[in-house]
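Fold and contact review
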Amino acid sequence: MKKFITFSMILLLLAGVISGCVAQAAEEESAITMRLAHNQGETHPVHKSLVEFARLVEEKTDGSIKIKLYPNGQVGSEREAIELTQTGAIDIAKVSSSTLENFSKVYSLFSLPYLFDSQDHYYQAMNSDIAKEIYQMTSDIGFSGLTFYDSGTRNFYTDNVEITHPDDLRGLKIRVQPSPTSIKMVELMGGSPTPMPYGEVYTSLQQGVIDGTENNETALTDSNHGEVAKEYSYSEHAMVPDILIMNNSKWDQLSTKQKNAITEAAEESTAFHKVVWEQAVEDAIEGAKEKGVNFSTPDKQPFMDAVQPLHDEFAEKKETAKYYKEIRKLVEEE
Ligand code: GCU
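Residues numbered from 1 in each chain as written. Predicted model: local features only at pLDDT ≥ 70, side-chain atom pairs only at ≥ 80, totals over all residues. Heavy atoms only, no water.

1. Quick look at empty space enclosed by the protein
Our working definition: Here a cavity denotes grid points, spaced 1 Å and computed from the protein atoms alone, that fit a 1.4 Å probe unable to get out, and a pocket denotes an open set having protein on both sides within 12 Å along at least 5 of 7 lines; residues with an atom within 4 Å of a point are the lining. Grid points are joined across faces, edges and corners, and a volume is the space filled by probe spheres set on the points. Strands are runs of DSSP state E lasting at least 2 residues, helices are runs of H or I lasting at least 4, and numbering of each runs from the N terminus. Gly is put with the polar residues, along with every residue not named as nonpolar or charged; the nonpolar set is Ala, Val, Leu, Ile, Met, Phe, Trp, Tyr, Cys and Pro, and the charged set is Asp, Glu, Lys and Arg.
Under the criterion given, the structure shown has two cavities of 30 Å³ or more. A volume near 40 Å³ is recorded for the largest cavity. Considering the residues around the largest cavity, the lining is formed by S98, S111, R154, Q177, S182, M185, E214, H237, A238 and V240. Put simply, the parts of the chain that give the lining of the largest cavity at least two residues each are helix 7 (180–189) and strand 9 (231–238). In the lining of the largest cavity, the residues fall into three nonpolar, five polar and two charged. Here the second largest cavity defines a volume of roughly 30 Å³. The wall of the second largest cavity is formed by A37, H38, N39, G73, V75, G76, S77, E78, A81 and K94. In terms of residue class, the lining of the second largest cavity is made up of three nonpolar, five polar and two charged.

Okay, structure coming up:
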């Protein structure tokens, strides 16, 4: 009898071990791997923040969601990354809100020059329900926003012309993001806007196809623009956030626990990014100076005056009026 019990116990134990293995295998099989694309290199701060996002998602979902990153524009331009997210060919993309303007007019708001008065104002707006509402405005075209990442202030830089006043932009071909608002901005300031995807900017600067462009300081080092553009002028004309977008049908397939994990991971990676970003900008300025880039600070007022018609238009346009007023009101309330 004793022997028999021992034997059954061994059998039970074995059965337990086997079923445990089978269950684990089944769980591993059902683990989802999501694809996340963006157009910056692996040394760029936003890549680090996306790696952190992926780590947090995996941790918070006990490994049931893994995220594979496709940096360096491997899936194409930002426009293509958005289209792939829309169809579900990829699940998540980090893109500039300027590129999103081509998919929903509401995003034109973030390309509006001098929308934000300061970094505090920017964070206040981006962390508010206004931004959360905007993230949902593309839900009918297949994707929604999850969070934003600081992409600093955008400033003009050229091969060798210091931009001290909008008049200095006259006759210069300035690359802008493929965004109607950015095109209009450079036109109003007096330059010749040349929209093109980010991946083409370095070669275009090098070959003289464009005289200059506008971006944050990390473009000088991480994308090597500082090798060919030597005059960087702090016009601080825009603070254009990067947005993390996700395919809606993929989202709908997730459990509540997984959805919460992604939402939390997105928010936490934005806070992580704020710290990484500030350090990256300091390092980029140092690195660019070593490459011989000259930094200057023009009077911003003439640049602001030049784009006033855009503010008037945004305060009226049906797609932007409500959000424009809400965001501007945040400063007036201070
Ligand atoms: C920023 C932004 C990118 C964007 C780039 C551009 O670097 O983070 O997402 O592609 O500007 O100017 O195109």
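2. As for the domain arrangement of the protein chain
Our working rule: Segment limits for the domains were obtained from an automatic or database-derived domain assignment. We define buried area as the total accessible area lost by two parts upon association, computed with a 1.4 Å probe and summed across both. Just to be clear on terms, a salt bridge is a Lys or Arg side-chain nitrogen sitting within 4 Å of an Asp or Glu carboxyl oxygen. Two N or O atoms form a polar contact when they lie within 3.5 Å of each other; inside protein one atom must be a possible hydrogen donor and the other a possible acceptor, and for residues adjacent in sequence the pair counts only when both atoms belong to side chains.
Per the domain assignment, the segments making up the protein chain are domain 1 (30–151 + 240–285) and domain 2 (154–239 + 292–333). In this assembly, domain 1 packs against domain 2 so that about 3,500 Å² is buried in total across both faces, 64% of it on carbon and sulfur atoms. In this assembly, domain 1 and domain 2 are joined by two salt bridges. For E133, the salt bridge goes to K322, with nearest N and O atoms at 2.7 Å. If you look at where domain 1 meets domain 2, you find 17 residue pairs in polar contact (both at pLDDT 80 or more). Elements with a minimum of two residues in the side of domain 1 that touches domain 2: helix 4 (97–100), helix 5 (119–126), helix 6 (129–135) and helix 11 (256–290).

3. Considering the sheet that holds strand 3 (residues 92–96)
For clarity, the cut-off: Criterion used throughout: strands pair if DSSP finds at least two bridges between them. Each axis is a line fitted through C-alpha atoms, and for a helix only the stretch in contact is used; angles between axes span 0 to 180 degrees, taken between their N-to-C directions.
Strands sit in the order 2-1-3-10-4 across an open sheet of five strands; the sheet is mixed. Two strands lie at the open edges of the sheet, namely strand 2 (65–70) and strand 4 (143–149), each paired on one side alone. On average, each strand axis in the sheet is tilted by 25° relative to the strand beside it, whichever way the strands run. As judged from the five bridges shared by strand 3 and strand 10 (residues 242–247), these two strands associate in the antiparallel manner.

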